[in-house]
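Tertiary structure, described
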Amino acid sequence: MAKSPADEHPNKAFGWAASDTSGHLSPFNFSRRAPGEKDVAFKVMYCGICHSDLHMMKNEWGSTIYPIVPGHEVVGVVTEVGSKVEKFKVGDKVGVGCMVGSCNSCQSCSDNLENYCPKMILTYNSKNVDGTITYGGYSDSMVADEHFIVKMPNNMPLDAGAPLLCAGITLYSPLRYYGLDKPGMNIGIVGLGGLGHVGVKFAKAMGTKVTVISTSPNKKKEAIESLGADSFLVSRDQEQMQAAMGTLDGIIDTVSAQHPLLPLLGLLKPSGKLVLVGLPEKPLELPAFPLVGGRRLIGGSCIGGMKETQEMIDFAAKHNITADIEVIPIDYVNTAMERLLKADVKYRFVIDVANTMKSA
């Protein structure tokens with residue numbers, strides 16, 4: 001008979017879990033493995049709330065294993081290290097992003113692209129090598145192989161740095177990979193939410209000129225005055241969109257709702273690139289004429305490998321980039337999810353795990 005989550009590993013742990021498609025989170029006793037020779041264990045201080053947590057809790061992508069402890073923007077302080085751990089020591093500030101394992105033998109792993117490994121182990125709702133299910137950062141402790149641990153720079157605040165482990169790398173990686181990081185380039189960011197707002201900050205720090213493209217005219221002041229964007233386009237305003245046709249070198253599209261691609265492709269210069277990082281549930285319509293007629297590309301990008309994630313965090317620390325956050329206690333988490341559904345947050349909720357999560 002299978003052991004219960006509280007008994008399958010030796011170290012007791014406590015978190016908040018959803019147990020069905022309602023997505024309602026409640027206190028949950030479970031267990032973590034004892035740290036192996038290459039493992040790092042840490043006390044969780046803060047955990048960001050990502051929009052994908054909401055999808056997974058409600059099984060909207062059809063792959064959820066209940067009970068589910070979400071959270072893949074996890075930061076804390078090291079409490080124990082295995083005998084062969086080389087990069088970390090007790091007391092270090094560390095983080096874990098979207099993954100905690102990969103096969104270490106495929107081409108992607110060899111190329112420091114563990115995020116594209118077919119056997120990638122996600123931080124939560126994934127099968128570990130021992131067959132147990134992974135539980136995420138809405139919990140008091142974490143254990144992971146040191147290869148998947150990020151060192152948080154000393155000048156990086158843990159609460160506002162946590163969302164960079166998912167939102168930050170999701171924007172940093174495509175800007176670098178698709179060559180949209182050259183000073184003086186004109187870059188568009190579609191959507192000004194948890195992903196988009198850090199995208200503006202990274203693109204600006206790389207020296208590009210940034211245009212925010214949004215359906216909400218009321219976000220213009222925030223985009224330009226607070227986040228430092230150079231210009232703002234209301235995507236539903238045909239005059240504005242027409243005037244900006246053919247002006248952008250690249251666009252990062254963060255939107256997860258259904259939306260037309262044709263107007264965005266029209267904004268690109270010839271040979272421009274539109275990169276999707278949002279995940280709409282239904283297929284988007286792909287018009288061939290603007291692609292063929294302008295030698296334009298549509299691509300995608302999913303987080304980044306561990307080497308690049310560390311590079312991103314170090315770049316963020318150097319340029320004082322953090323997420324704009326609202327820190328919440330754990331018992332507010334269900335209300336936060338309702339607000340997230342309505343996009344009522346600027347721009348990322350972060351759970352104060354250390355001060356507010358008390359075991360049952």
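Bear in mind that the values here come from a model prediction, so they are computed numbers and not experimental data.

Here the focus is the overall build of the protein. Assigned secondary structure in the protein consists of twelve helices and 17 strands. What you see for the protein is a C-alpha radius of gyration of 20 Å, in line with the 21 Å of a compact globule of 360 residues. Counting over 360 residues, the protein shows a buried share of 55%. Residue pairs at least 24 apart in sequence account for 66% of intrachain contacts in the protein once pairs closer than 6 positions are excluded. Here the protein displays about 15800 Å² of accessible surface, and carbon together with sulfur accounts for 53% of that area. One way to put it: in the protein the 35 positive side-chain charges average out to a point 4 Å from where the 37 negative ones average out.

To continue, consider the pattern of salt bridges. Summed over the entire model, instances satisfying the criterion amount to 16 salt bridges. Its salt-bridge partner being Asp92, residue Lys89 comes within 2.9 Å of it at the nearest N-O pair. Classification of Lys89 by relative accessible area gives exposed; the value is 53%. For Lys204, the salt bridge goes to Asp230, with nearest N and O atoms at 3.0 Å. Taken together, the positions of Lys204 in helix α5 (residues 194–205) and Asp230 in the loop between α6 (220–226) and β12 (231–234) put the pair 26 residues apart, joining distant regions of the chain. Here Lys204 falls in the partly exposed class, since its relative accessible area comes to 30%. By relative accessible area, Asp230 is classed as partly exposed at 40%.

Of note, the amide linkage connecting Tyr66 to Pro67 takes the cis form, showing an omega dihedral of -5 degrees. Along the chain, Pro67 falls in the loop between α1 (51–57) and β4 (74–81). With an omega of -15 degrees, the peptide bond between Lys346 and Tyr347 qualifies as cis. Looking at the element boundaries, Tyr347 is found in the loop between α11 (333–341) and β17 (348–352). Notably, Ser271 is not glycine yet its phi reads approximately 70 degrees, a positive angle. Checked against the element boundaries, Ser271 lands in strand β14 (residues 268–276). Even without being glycine, Asn320 reaches a positive phi, approximately 55 degrees. Note that Asn320 resides in the loop between α10 (306–318) and β16 (325–328).

With 52 residues, the main nonpolar core has Met152, Leu164, Leu175, Val200, Phe202 and Ile252 as its most contacted residues. Secondary-structure elements contributing two or more residues to this core are α4 (167–177), β10 (186–190), α5, β11 (209–214), β12 and α10. Per-element tally for this core: the top contributor is α10, with six residues. Sequence-distant contacts of Met152, that is, excluding residues within four places in its chain, are made with Val75, Lys93, Val94, Gly95, Leu158, Gly161, Leu165 and Ile313. With 43 residues, the next largest nonpolar core counts Phe14, Phe28, Val74 and Phe349 among its residues.

As a further point, take the pairing of β10. Counting buried positions along β10 yields four of five residues, so the element is predominantly enclosed. Taken together, β10, α5 and β11 constitute a β-α-β crossover, and its handedness is right-handed. Where β10 and strand β13 (residues 248–253) come together, four bridges link them in parallel fashion. Bridge assignment links Gly188 to a residue of β13, and that residue is Ile251.

The next subject is α5. Between its first and last C-alpha, α5 extends 18 Å over twelve residues, near the 16 Å set by a 1.5 Å rise per residue. Most of α5 is tucked away, with ten of its twelve residues classed as buried. As for α5, its buried residues are in contact with α4, β10, β11, α10 and β17. Once α5 finishes, Gly207 follows within two positions and takes phi at roughly 95 degrees, a positive value.

Rules used in this analysis
Residues numbered from 1 in each chain as written. Predicted model: local features only at pLDDT ≥ 70, side-chain atom pairs only at ≥ 80, totals over all residues. Heavy atoms only, no water. Helix = DSSP H or I, 4+ residues; strand = E, 2+ residues; numbered from the N terminus. Rg over C-alpha atoms; globule rule 2.2 N^0.38 Å. Buried < 20%, exposed > 50% of the residue type's maximum accessible area, 1.4 Å probe, protein only. Contact = heavy atoms within 4.5 Å. Areas by Shrake-Rupley, 256 points an atom, 1.4 Å probe, with all protein chains shown as cover. Lys, Arg positive; Asp, Glu negative; His and termini not counted. Charge placed at Lys NZ, Arg CZ, Asp CG, Glu CD. Salt bridge = Lys/Arg side-chain N within 4 Å of Asp/Glu carboxyl O. Core = buried A, V, L, I, M, F, W, Y, C linked by side-chain atoms within 4.5 Å. Right-handed = clockwise from strand over helix to strand, strands pointing away. Pairing = 2+ DSSP bridges. Expected span 1.5 Å × (residues − 1).

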